[in-house]
Amino acid sequence: MNKTEIMNILPHRDNMLLLDDVTEADGTAVGHYTVRGDEFFLQGHFPGNPIVPGVILCEILAQSACILLQNVMTEGKLPVYTGLNNVKFRSPVKPGDEVETRCRIKRAKHPFYFAEGTVTVQDRLCVSAEFSFAVTGE
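Each chain has its residues counted from 1, running along the sequence as written. Whole-chain, interface and lining totals are the exception, using all residues; otherwise, since this is a predicted model, local features are given only for residues with pLDDT of at least 70 and side-chain atom pairs are given and counted only at 80 or more. The basis for every side-chain value is the complete set of heavy atoms in the structure, and neither hydrogens nor water enter the calculation.

Enquirer: Quick one: what's the story with the environment of Ile-60, residue by residue and with numbers?
Expert: Think of it this way: any DSSP run of H or I at least four residues long counts as a helix, any run of E at least two long counts as a strand, and we number them from the N terminus. Positionally, Ile-60 belongs in helix H2 (residues 54–66). A simple rule labels every residue: compare its accessible area, found with a 1.4 Å probe on the protein chains alone, to the largest value its type can have, and call it buried under 20%, exposed over 50%, or partly exposed in between. We classify Ile-60 as buried; its relative accessible area is 2%. Ile-60 sits 39 residues away from Asp-21 along the chain, and the two C-alpha atoms are 11 Å apart. Whether two residues touch is decided by their heavy atoms; if any such pair falls within 4.5 Å, the residues are in contact. Look past the residues within four positions of Ile-60 in its chain and what remains in contact with it is Leu-18, Leu-19, Tyr-33, Val-99 and Thr-101.

Dropping the structure here:
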């Protein structure tokens, strides 16, 4: 699924749509995002040594997981974080890195969804997390 197709599912736009592509197979979403270096969140984090903030990596992870709910993410729906648990930041992500996410939904009780996932760069584990979100709206 390319960026245009992703926008048919996710409400994120402009600088906050943080997926270049995503695929789904056997209940696992695999997403990619290439850090260009000109992103707004790198401008002050940190001058001369830019590192993608952990919260942004968690956002990329959540956006990937929402692809698994494309049947639930209909017009007017918004996915909002309700929790982050057991988050571990293992290795920094820098400009030029291609981030790969792997997420799966562990359980669901609509409108709440409980997921787990990882962020890697070239098989180097950068983030692991359990997280939950609610799909709100009409």
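Enquirer: Describe unusual backbone geometry, and please don't skip the residues or the numbers.
Expert: For the peptide bond that leads from His-45 to Phe-46, omega is 5 degrees, which places it in the cis range. Among the secondary structure elements, Phe-46 is positioned in the loop between strand E2 (28–34) and H2. Put simply, His-110 and Pro-111 share a cis peptide bond, and its omega is 15 degrees. Relative to the assigned elements, Pro-111 resides in the loop between strand E4 (98–109) and strand E5 (112–121). The backbone of Asp-14 sits at a positive phi, close to 50 degrees, despite the residue not being glycine. In this structure, Asp-14 sits in the loop between helix H1 (3–7) and strand E1 (21–25).

Enquirer: Lay out the pairing of strand E6 (residues 124–137) with the relevant residues and their values.
Expert: Looking along a regular strand, one sees side chains alternate from face to face of the sheet. Two strands qualify as a pair provided DSSP detects at least 2 bridges between them. In this sheet, E6 lies alongside strand E3 (residues 77–89) in antiparallel orientation, the contact comprising 10 bridges. By the bridge assignment, Asn-85 is partnered in E6 with Glu-130. As paired elements, E5 and E6 share 10 bridges and run antiparallel to each other. Bridge pairing links Thr-120 to Leu-125 in E6. A loop of 2 residues connects E5 with E6, the two strands running antiparallel in sequence, and Gln-122 in this loop sits at a positive phi of about 50 degrees.

Enquirer: How would you sum up the pattern of salt bridges? Please name residues and give values.
Expert: Pairs can form between side chains of opposite charge once their charged atoms are near each other. By definition, a salt bridge exists where a carboxyl oxygen of Asp or Glu is found within 4 Å of a side-chain nitrogen of Lys or Arg. For the structure shown, the criterion picks out 7 salt bridges. Across the salt bridge formed by Lys-3 and Asp-20, the nearest N and O atoms sit 3.8 Å from each other. Of the two residues, Lys-3 sits in helix H1 while Asp-20 sits in the loop between H1 and E1, which places them 17 residues apart along the sequence. With a relative accessible area of 28%, Asp-20 lands in the partly exposed category. Here the salt bridges do not stand alone but share partners, grouping Arg-36, Asp-38 and Glu-39 into one network.

All we've got here are geometric facts, nothing functional implied.
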